[in-house]
Amino acid sequence: MQEYIQDALTFVREYGRPCLFITFTCNPKWPEITSLLLPGQNSIHHRHDITARVFRQKLKSLISFITKSHVFGPTRCWMYSVEWQKRGLPHAHILVWFIDKIRPEEIDSIISAEIPDPSTDQLLFDIVTTNMIHGPCGTLNSSSPCMADGKCTKISPKDMNNDTVTNVDGYPIYRRRNPENGGQSFIKNINNTDIDIDNRWVVPYSPLLSKTYNAHINVEFCSSVKSIKYICNSNEAAWRIFGFPIHERDPAVVQLAIHLENGQRVFFTNETAIDRAINPPKTTLTAFFELCNRADDFGAFARTLLYSQVPRYFTWTQTKTWMPRKQGSPVAACLNLFKSNALGRLFTVSPRHTECFYLRLLLVKCTGPLSFQDIRKVNGQQYPTYKDACLALGLLEDDNQWECMLAEVALNCTAIQIRRLFAIVLTTCFPASTDIMGNSQRFND
């Protein structure tokens, strides 16, 4: 899960924050599910196989609807993670990046937090009032599952607003007009009591997606990325038995190894120990050196690349070599080479592993190294350690390496991991100044 989060944050580093955060929940009343139930069966408790199969098909359809039909515009990349509610129904959290970012004035055309007018669209009114109403809770229904310590954990009901207002630190404050200003309301029976429901209780939704899939589909305009708790139960077992993926994303993120010379991980048995010691396995790093040493056009082009850029033009094969990509956009500088949208991510290295940490710093900055020795060569002079090479390149001047490192982890790590790493730098790495984070506004978020 940590690796998956790191890959997701690679998207954020490359393309910025996502445009839409969509939560798609299985509807147990879909006719595709109810038509297959036997007498006396309940889809939530008895037929996990049906809900898993149907939701999987609906999820694939939804992803295709957004990313291939471009209903909200051309898509740059996307990813989702499937989870399960305590009552057993699967739901997917989907993040979508568009090529053209959604402007604030376009939010109301994509997302609504209001009850539709039944005289204009009865179908949408029925879907929203059935699937997209929170609670009600609070004093109207103190036994609602969202209640904790006398308060709603979902912070409902929301305030009424005549216009949508963007919020830098969270989700927008959506337009929710009261009945006096054109808003709609309806009567809902809760515990044998008729309650007047207005726009304060509406969960933000997309009219297009709601009418297409007839389910609870919460659509939010993204202003931040928040962590999500993962809940598993018996329904997850059925999903895994069928071999359905828990996570998917596009484009691919290729994880790139970082290790010192002859420092790669080796798996061996008593019978293969000698052979593994004589012929250690290749890694993405050692194969990168081999690629840069090629005498053909591919090698010449590879020598112009950073280590993290290699997956865009070359694919990592089962034979543990970098092979030129055969699909994508043609590269003018190299014949028969194509560029993809794949991204590379170097594994994180703790500053406590000093030489490996400096090696990673060099690989982030230097193009086309030919070997472990060559990467320590600066302006024709061979240096004995990676730290000396970093010093010669000016990467360690005035605590620059720590500032660069902290700037990178700010995009890839959680707050507690950043604080722990900062403590390690202060206690073991002897920075010139303890105020290496004080002058940078980007660490204040």
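Nothing here was measured: the structure is a model prediction, and the numbers come from that model.

The next subject is the state of the cysteines. Taken as a whole and judged by the stated rule, the model has 0 disulfides. The closest cysteine sulfur to the non-disulfide-bonded C19 is located on C222, 7.8 Å from its own sulfur. Overall, C19 belongs to the buried group, its relative accessible area being 3%.

With that out of the way, let us pick up helix α12 (residues 354–365). Spacing of three or four residues puts side chains on the same side of an α-helix, whose turn is 3.6 residues. Its 12 residues place the ends of α12 17 Å apart at the C-alpha level, agreeing with the 16 Å of an ideal helix rising 1.5 Å per residue. Those residues of α12 that fall on the buried side of the exposure criterion are C356, F357, Y358, L359, R360, L361, L362 and L363.

With that settled, consider the confidence of the model for the chain. One rule of thumb: low pLDDT means the predicted coordinates there are not for detailed reading. Here the chain averages 86 in pLDDT, while 91% of its residues score no lower than 70. Of all secondary-structure elements in the chain, the lowest mean pLDDT belongs to helix α7 (residues 234–241), at 71, while helix α6 (residues 207–213) reaches the highest, 96. The low-confidence segment residues 227–232 (pLDDT under 50) makes 10 contacts with residues lying over four places distant or belonging to another chain. Low pLDDT (under 50) marks residues 439–445, which in the prediction has 7 contacts with non-local residues, meaning those over four places away or in another chain.

Within the secondary structure, A52 sits in helix α3 (residues 48–67). With a relative accessible area of 0%, A52 lands in the buried category. A C-alpha to C-alpha distance of 8.6 Å links A52 and L89, two positions 37 residues apart in sequence.

Attention now moves to the nonpolar core. Generally speaking, nonpolar side chains in soluble globular proteins are found buried as a group. Residues Y307, F314 and W322 are the most contacted members of the largest nonpolar core, which totals 51 residues. For this core, the secondary structure elements donating two or more residues are β10 (253–256), α9 (284–292), α10 (297–302), α11 (310–313), α12, α13 (386–392), α14 (400–412) and α15 (415–428). Leaving out residues up to four positions away in the same chain, W322 has contacts with V254, L256, T284, A287, F288, L291, R294, V310, P311, F314, T315 and W316. Counting residues in hydrophobic clusters, the runner-up holds 42 residues, among them C19, I111, Y174 and I217.

Applying the stated rule across the entire model yields 14 salt bridges. For E14, the salt bridge goes to R312, with nearest N and O atoms at 2.8 Å. One end of the pair, E14, is in helix α1 (residues 2–15); the other, R312, is in helix α11, with 298 residues separating them in the sequence. Of the charged contacts in the structure, one is a salt bridge between K282 and E290, with a shortest N-O distance of 3.3 Å. A residue is classified by how much of its surface remains accessible, and K282, at 34% relative accessible area, is partly exposed. A relative accessible area of 40% places E290 in the partly exposed class. Connected through salt bridges with shared partners, the residues R103, E105 and E106 form a single ionic network.

Criteria and cut-off values
The residue numbers shown here count from 1 along each chain, following its written sequence. Side-chain atom pairs in this predicted model are given and counted only at pLDDT of 80 or more, local residue features only at pLDDT of at least 70, and totals for whole chains, interfaces and linings cover all residues. The side-chain quantities take in all heavy atoms of the structure and omit both hydrogens and water. Any two cysteine sulfur atoms lying within 2.5 Å of each other are counted as a disulfide. Relative accessibility decides the category of a residue: with a 1.4 Å probe and only protein chains considered, values under 20% of the type maximum give buried, values over 50% give exposed, and everything between is partly exposed. The helix and strand labels rest on DSSP assignments: H or I over at least four residues marks a helix, E over at least two residues marks a strand, and numbering proceeds from the N terminus. An expected span of 1.5 Å times one less than the residue number is assigned to each helix. The predictor reports its confidence for every residue as pLDDT, a score running from 0 up to 100. We call two residues in contact whenever any of their non-hydrogen atoms come within 4.5 Å of each other. For this analysis, a nonpolar core means a set of buried residues of the types Ala, Val, Leu, Ile, Met, Phe, Trp, Tyr and Cys, connected via side-chain atoms within 4.5 Å. Salt bridge, as used here, is a side-chain nitrogen of Lys or Arg placed within 4 Å of a carboxyl oxygen of Asp or Glu.

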